[in-house]
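The primary structure of each chain is shown beneath.
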Amino acid sequence: MEANELAERLRSNDPAVGLRAVSALHRLAEQVETASVRQARQQGWSWEQIGDALGVSRQSVHAKHGKREK
Amino acid sequence: MFEKFTAGARDIVTSALDETRQRGDRRIGTEHLLLGLLHDPGSPAAQALGVDLAAARAGLHTLDREALASIGIDIEGITLPAIPGSPKRTPFTSGARSVFERAVKEATRTKSRRIAPEHFLLALLDCDAQDPAAELMRNLRIDPAAVRDRVGGPAQRHR
């Protein structure tokens, strides 16, 4: 897709672009979370501290990322 | 329904699931079915499309990158880790389910007893303009009418 074609679609408020952006953001958030949790663990953060930083409980962050350690 | 699929058609579904997981998408959509169809580059369906798997994956990535750029997020040149597999099951989108329905109709129309990759291809070519597969085909400059000619399908949409 040409750059001006994209600009055109944004000007015309094509919802397909915005909806695709939301879906890409979900995936991006998962990737950033995975990388950051891994780093935090390597640097000695507790599950509680990571949960607090993410705004979720220690249990839920551990359930999601804990088994990936080792 | 899957018992009526040929081995090639089953492989497309398996490959589509792999593509969905690799990308970290939560549902198997029509764009994943299109990628799945390209896993066997020698198949008549893949030949008729005239693009390879790498180009199609890149096209999908471009669509994502441009969509993110439209809201001010630039992921150009950033390497992110692969998304770890989720234990949850991966359902089909409603668009993908209608591709199956149309593939069955196509097989019935041509009096085939089994659903083959070509039936999938014709069903994918008939996707609505809003559908991710249609969007991807536009990005890849694939002309559905020309592909339909090459694979010997009906000239018009037959829904």
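Not measured: the values here are computed from a predicted model.

(A) Focus on the overall build of chain B. Each helix and strand in chain B was counted, giving eight helices and zero strands. If you list the helices and strands of chain B from N to C, you get α-α-α-α-α-α-α-α. The C-alpha atoms of chain B give a radius of gyration of 16 Å, which matches the 15 Å a tight globule of 159 residues would have. Principal-axis analysis of the C-alpha atoms places the extent of chain B at approximately 50 × 35 × 30 Å.

(B) Spotlight on the overall build of chain A. Broken down by element type, chain A carries four helices and zero strands. If you list the helices and strands of chain A from N to C, you get α-α-α-α. Scored against the burial criterion, the 70 residues of chain A give a buried share of 9%.

(C) Expanded view of the packing of helix α2 (residues 30-37) of chain B against helix α7 (residues 132-139) of chain B. Residue and element names in this part refer to chain B. Relative orientation of the contacting elements α2 and α7 amounts to 55°, with a least axis distance of 6 Å. For the element pair α2 / α7, the angle class is oblique. Counted together, Thr30, Glu31, Leu33 and Leu34 of α2 and Pro132, Ala133 and Leu136 of α7 form the full contact between these two elements. A class-by-class count of the residues in the contact of α2 with α7 yields five nonpolar, one polar and one charged.

(D) Geometry of α7 of chain B. Most of α7 of chain B sits inside the fold, with six of its eight residues counted as buried. Among all positions of α7 of chain B, only Pro132, Ala133, Ala134, Glu135, Leu136 and Met137 of chain B are buried. Looking at the packing, one finds that the buried side of α7 of chain B touches α2 (15-42) of chain A together with α2, α4 (53-70), α6 (117-125) and α8 (144-151) of chain B. Arg141 of chain B lies just past α7 of chain B and shows a positive phi near 55°.

(E) Seen up close, the nonpolar core. Ranked by size, the top nonpolar core spans 42 residues in total, and within it Leu33, Leu37, Phe120 and Leu124 of chain B carry the most contacts. Secondary structure elements with two or more residues in this core: α2 of chain A together with α1 (7-23), α2, α3 (44-49), α4, α5 (94-109), α6 and α7 of chain B. Top element by residues in this core is α6 of chain B. It accounts for six residues. What Leu124 of chain B contacts, discounting residues up to four positions off in sequence, is Thr30, Leu33, Leu34, Val99 and Ala133 of chain B.

(F) The confidence of the model for chain B, seen in detail. All names here are of chain B. For chain B, per-residue confidence averages 91 on the pLDDT scale, and 95% of positions sit at 70 or higher. Put simply, α8 is where chain B has its lowest mean pLDDT, 92, and α2 is where it has its highest, 98. Of the two predicted TM-score estimates for the complex, the pTM is 0.87 and the ipTM is 0.82.

(G) Molecular detail of the interface of chain B and chain A. Across the contact, 18 residues belong to chain B and 15 residues belong to chain A. Every element with two or more residues in the side of chain B that touches chain A is listed here: α4 and α7 of chain B. A breakdown of the residues in the side of chain B that touches chain A according to their chemical character gives nine nonpolar, five polar and four charged.

(H) Region of interest: unusual backbone geometry. Residue and element names in this part refer to chain B. If you check the backbone angles, Lys111 has positive phi at about 55° while not being a glycine. On the secondary structure map, Lys111 appears in the loop between α5 and α6. Of the residues examined, Lys111 has 6 C-beta atoms within 10 Å and is grouped as exposed. A positive phi angle, near 55°, is found at Arg141, a position not held by glycine.

(I) Spotlight on the environment of Pro44 of chain B. Residue and element names in this part refer to chain B. Relative to the assigned elements, Pro44 resides in helix α3. You can call Pro44 partly exposed: it has 16 C-beta atoms within 10 Å. Separated by 73 residues in sequence, Pro44 and Pro117 have C-alpha atoms that sit 8.3 Å apart. When near neighbours in sequence (up to four residues on either side) are disregarded, Pro44 contacts Glu118 and Val151.

Each value, and the rule that gives it
Residues numbered from 1 in each chain as written. Chains lettered and ligands numbered in written order. Predicted model: local features only at pLDDT ≥ 70, side-chain atom pairs only at ≥ 80, totals over all residues. Helix = DSSP H or I, 4+ residues; strand = E, 2+ residues; numbered from the N terminus. Rg over C-alpha atoms; globule rule 2.2 N^0.38 Å. Buried ≥ 20, exposed ≤ 12 C-beta atoms within 10 Å, placed from the backbone. Axes fitted to C-alpha atoms, helices over the stretch in contact; angles between N-to-C directions. Parallel < 35°, antiparallel > 145°, perpendicular 65-115°, else oblique. Contact = placed C-beta atoms within 7 Å. Nonpolar A, V, L, I, M, F, W, Y, C, P; charged D, E, K, R; others polar. Core = buried A, V, L, I, M, F, W, Y, C linked by C-beta atoms within 7 Å. pLDDT = per-residue confidence, 0-100.

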